[in-house]
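In case you want the letters, here they are:
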Amino acid sequence: MRMSPSSSGEPGPSGASKGKRRVREQRTKLACVVKRCRAGHPGAGGVLGALFVWCCLFSLAALSLEAQAKNSCLDCHSKFDPPLGINAEDFGSSVHAQKGLLCTSCHGGDSSSDDMERAMSKAAGFRGHIERSQVPALCGKCHSDAAYMRGFNPSLRTDQFSQYQTSMHGKMLARGDTHVAVCVDCHTAHTIHPPNDPRSSVYPANVAQTCAHCHANAEYMKGYKIPTNQFALYSTSVHHDAIAVRGDLSAPTCSTCHGSHGAAPPGVASVERVCATCHVFQQQLFDSSPHKVAFAAMGAAGCITCHGNHAIQHPTDDSIGTANTAFCVKCHVDGDAGYTAAATIHTGLLKLNQEIERSDEILGRAQNAGVEVGPTILALSEARDDLTKARVATHSATPETVQQDTQAGLKVTDKAWQAGQVAMRELKYRRQGLAVSVAAILLVLVALALLIRKIETPSPGETR
Amino acid sequence: MSVWQNAQKWLDERFGLHELREFMEHKTVPQHRYSHWYFFGGMTLFLFGIQVATGILLLLYYRPSPNEAYESVQYIMTQVRFGWLIRSIHSWSANLMIFTAAVHMFSVFFLKAYRKPRELTWLSGMLLLFLALGFGFSGYLLPWNTLSFFATKVGTDIAGQAPIIGKWILVFLRGGEDVTGATLTRFFGFHVAVLPGIATVLLAIHILLVQRFGMSVPPSVEAEWQATPSARHEMRFFPNFLLRELMAWYVALAILGGLAAFKPWELGVKADPFAPAPPGIRPEWYFMFMFQTLKMIPAKIWFLEGELLGILTFGLAFLLWVLLPFFDRGRGGRAQRFIVGAGVFALAYVVVMTFYAYVAK
Amino acid sequence: MLSSEFPYTTNQPKRRHFVEAFLGAGVLASLASFLYPVLRYILPPETAEATTDMVLAGRVGDLKPNSGKIFRFGSRPALLMLTSSGQYSAVSAVCTHLNCTVQYRGDLHSIWCACHNGMYTTDGRNISGPPPRPLEKYEVLLKGEEIYVRRLGNA
């Protein structure tokens, strides 16, 4: 049963009183009907009969109360095809409908009237189809009114409209371009859900798809001088994988880096800071690295020059170094300082990785054979931590910084390797023990055979 | 007189030791082309002794509760000095013992050593074989790893299929409706107390009966010896046969040591009752021929459930097998050949089905 | 009287019982190789208990208030903390982001992961940074001076 505080369609104080009046009207109508029935059927079933009739009529009244604040708009418009028609169920599930808003809240008119002329009259404030250029202002009428919004959700922000006006979309709309996104393009017009609702078009996992609606449509974007492959690139990225596959909603989507209402590409200087909202260490290391000054001089943005902006892949140890898979050789050539540094760093990472795998293998073998190496395997995980830290440290572009972590890791792997050797010796010891035992057994077998022969050999002249 | 001779005199005056000595001196073992089969009984006994010894040692460290069982076995394998050796020997020797017991049984069958007057020897021996299988089944659960947990589940499920009493058997075995810690405690009790107690009694009977009646000679050989008395050949048990048996036992020890060192029994992964059964759950090899048969029986035959029919058939087969001495009165002829044929079929079935179970998907 | 040559008579001329001596030595050697492991087995090893689900994490006095220490829990690291209010708390120390080992930061009064700056409360709840899930929380038991840690929900 839908519970609504207001049955009127206008923004402003709740029209609960209006609803109550309507119920009274209905009941009075019903009472008249009952009186007329009873007049025609004196003594019809007596008290029980009257009770029965009252019960039926009450339930009917209750059912019609369900329909409550009458929405005559939907009566017709739910039967049409788009764009004139909307799905009544979808609208009903939207957050606006849940809060008691009706069609008239945005479109104006009189939703209580079944008369089409009256319902859609200018006198009733009917606005009809809202022009795209008017949409942000219309939404903003409520959503920028802090006092009003406090009555619904006090923690909801009320600066969306002002943010929008600073965005690329907002600026171009102001210049008369109605091609750009307005509120309803991202939020939809009639099925708006809060962003934390998985059905919402702006739920983090759905945002990229929503943006791609326009930005991946080459036909639609003709005339604008920006690429349309961002969504395709993003879909291959590690961020997309985090949000869409692993379900980690804290991973970035379009709006995380570009902003939502104030959407605009970050400037060259600010890209690094935007990435740093999550990747703090990498940014700190980068800032202290020789790359910071060099990139600024080149006008190259931090982070994305190596990692890309949309199609960010998970970097591997081969991303740094001098192979053609590495980022470094995009700028560095054989002989320069950066080239040598890259090679050194790469070698260091590879070595630590190899050592970890080598220790892992020998400890695995030992464990399978039943030698206890649990504490050692635990200690080895510290080396893995060191490798992770070393990989982060590569952003310093300084071999010495990276070496601090790789050396620490190598100390651990050394100990693990030694422990593995001890375990292998234990295995050997077992086999040696077995050999001793088997030797003794062989001795006994030979002795037994000899003894049997001795006692069973008949001496000359004697029969068995 | 030496100390040793003094001691013997002391015992003899009280217990009539000389009678025992005379019996031992005169005990003989027939020698013929089938004599080598005589070793298998003693070998089974020897391996049982190994089981008792290693089992007692394992008891010093094992803990029969779901929280601690797996960990205690892991502890034995990795922390206790030579724990890996004791545990692996126990597990391998169990399998070897069941193998030698089966060989012993089939050799007795084909050499017709079950005939009068040795009917009760056969009976006690069959019961001992069932006990051995019970030892194997109950012991298998004790490490509480995934394989053992689910193998027990499947095995008790099948036991629960028995008609009428199946449900009671299942609840009795499991200590409840499902396989839980209660099952583990119960199986532990069976494995270290109940079954050993019964086995001791049955073993005593079985061995005493063997001493009472002596070693049986196969009918064909007996016939030959009747015809040519000089062909009869007997070997003294002490020391000749015993020395040979010692050799066999020492070889078995070497094999067990080698298996423990090169093919240690695996620890597996701790059982998680809430995880789904991993694919490929199956019982130990000595149950495989029955397991495979049940898998291959169609779901329904006439009005009977296939599995139930399979269980009933096996039950009937085992019952007939146990009652064998009462069918075979030694009168030869058609009945004789039928019994031999049945035996060959049984052996072939078990062997083929066991191999097939491992080869089939 | 009992035969002095029991258990067997030999038809060999009497010579030093070479084979018997050989056999005796062999049997002794083999028995020694069997008994040695058994004797070592029955003497308990250093760690006298099979690891149960409860682990000794430390002793009262090991930790100062507002500090933590890593200890081994099963095969993974765990973190034992003593908060400034005097409460002991224990969580898994394996970060839920990429499995680095976390640490307690007294200056932040929170658990911190050095790899990517993930933050958790002392109860293990992930509050900032990349970690997608909280750290597994354990139960802390005090037995006299000893601090034990075990998994939640275990008898």
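All figures in this text were calculated on a predicted structure; none of them were measured in a lab. (Residues numbered from 1 in each chain as written. Chains lettered and ligands numbered in written order. Predicted model: local features only at pLDDT ≥ 70, side-chain atom pairs only at ≥ 80, totals over all residues.)

J.: Could you give an account of the nonpolar core, naming the residues involved and the relevant values?
T.: Counting residues in hydrophobic clusters, the biggest one holds 75 residues, and the most contacted among them are Met97 and Trp144 of chain B. The residues contacting methionine 97 of chain B, other than those within four sequence positions of it, are Thr44, Leu47, Phe48, Gln51 and Ala132 of chain B. Ile345, Ala383 and Ala390 of chain A together with Leu135 of chain C belong to the second-largest nonpolar core, a separate cluster that totals 51 residues. (Core = buried A, V, L, I, M, F, W, Y, C linked by C-beta atoms within 7 Å. Buried ≥ 20, exposed ≤ 12 C-beta atoms within 10 Å, placed from the backbone. Contact = placed C-beta atoms within 7 Å.)

J.: If you had to explain the interface of chain A and chain B to someone new, which residues and values would you point to?
T.: Contact residues are listed per partner, giving 17 residues for chain A and 17 residues for chain B. Classifying every residue of the side of chain A that touches chain B by side-chain character gives eleven nonpolar, two polar and four charged. (Nonpolar A, V, L, I, M, F, W, Y, C, P; charged D, E, K, R; others polar.)

J.: Tell me about the interface of chain A and chain C, and please be specific about residues and values.
T.: In this complex, chain A contributes 31 residues to the contact, which on the side of chain C involves 26 residues. The set of elements that each furnish at least two residues to the side of chain A that touches chain C consists of helix H18 (280-287), helix H22 (374-393) and helix H23 (399-456) of chain A. For the side of chain A that touches chain C, the leading source of residues is H23 of chain A, giving twelve residues. Here the side of chain A that touches chain C is built from residues that sort into 18 nonpolar, seven polar and six charged. (Helix = DSSP H or I, 4+ residues; strand = E, 2+ residues; numbered from the N terminus.)

J.: So what's going on with helix H13 (residues 204-215) of chain A? Which residues, and what values?
T.: All names here are of chain A. Here H13 contains twelve residues, and its C-alpha end-to-end distance of 17 Å stays within 8% of the 16 Å for a straight helix at 1.5 Å per residue. Three or more residues of H13 are buried, namely Pro204, Val207, Ala208, Thr210, Cys211 and His215. All buried residues of H13 lie within an arc of 165° about the axis, which places them on one face of the element. At its buried positions, H13 is contacted by helix H12 (183-187), helix H14 (230-235), helix H15 (238-245) and helix H16 (254-258). (Expected span 1.5 Å × (residues − 1). Arc of directions from axis to C-beta.)

J.: Could you give me a rundown of the sheet that holds strand E4 (residues 88-92) of chain C, with the residues and numbers involved?
T.: Residues and elements named next belong to chain C. One open sheet accounts for six strands, arranged E1-E10-E9-E4-E3-E2; its pairing is antiparallel. The open sheet has two edge strands with one neighbour each: strand E1 (54-59) and strand E2 (67-73). Averaged over neighbouring strand pairs, the angle between their axes works out to 30° when direction is ignored. Pairing analysis gives five bridges linking strand E3 (residues 76-82) to E4, with the strands arranged antiparallel. Bridge assignment links leucine 82 to a residue of E4, and that residue is tyrosine 88. (Pairing = 2+ DSSP bridges. Axes fitted to C-alpha atoms, helices over the stretch in contact; angles between N-to-C directions.)

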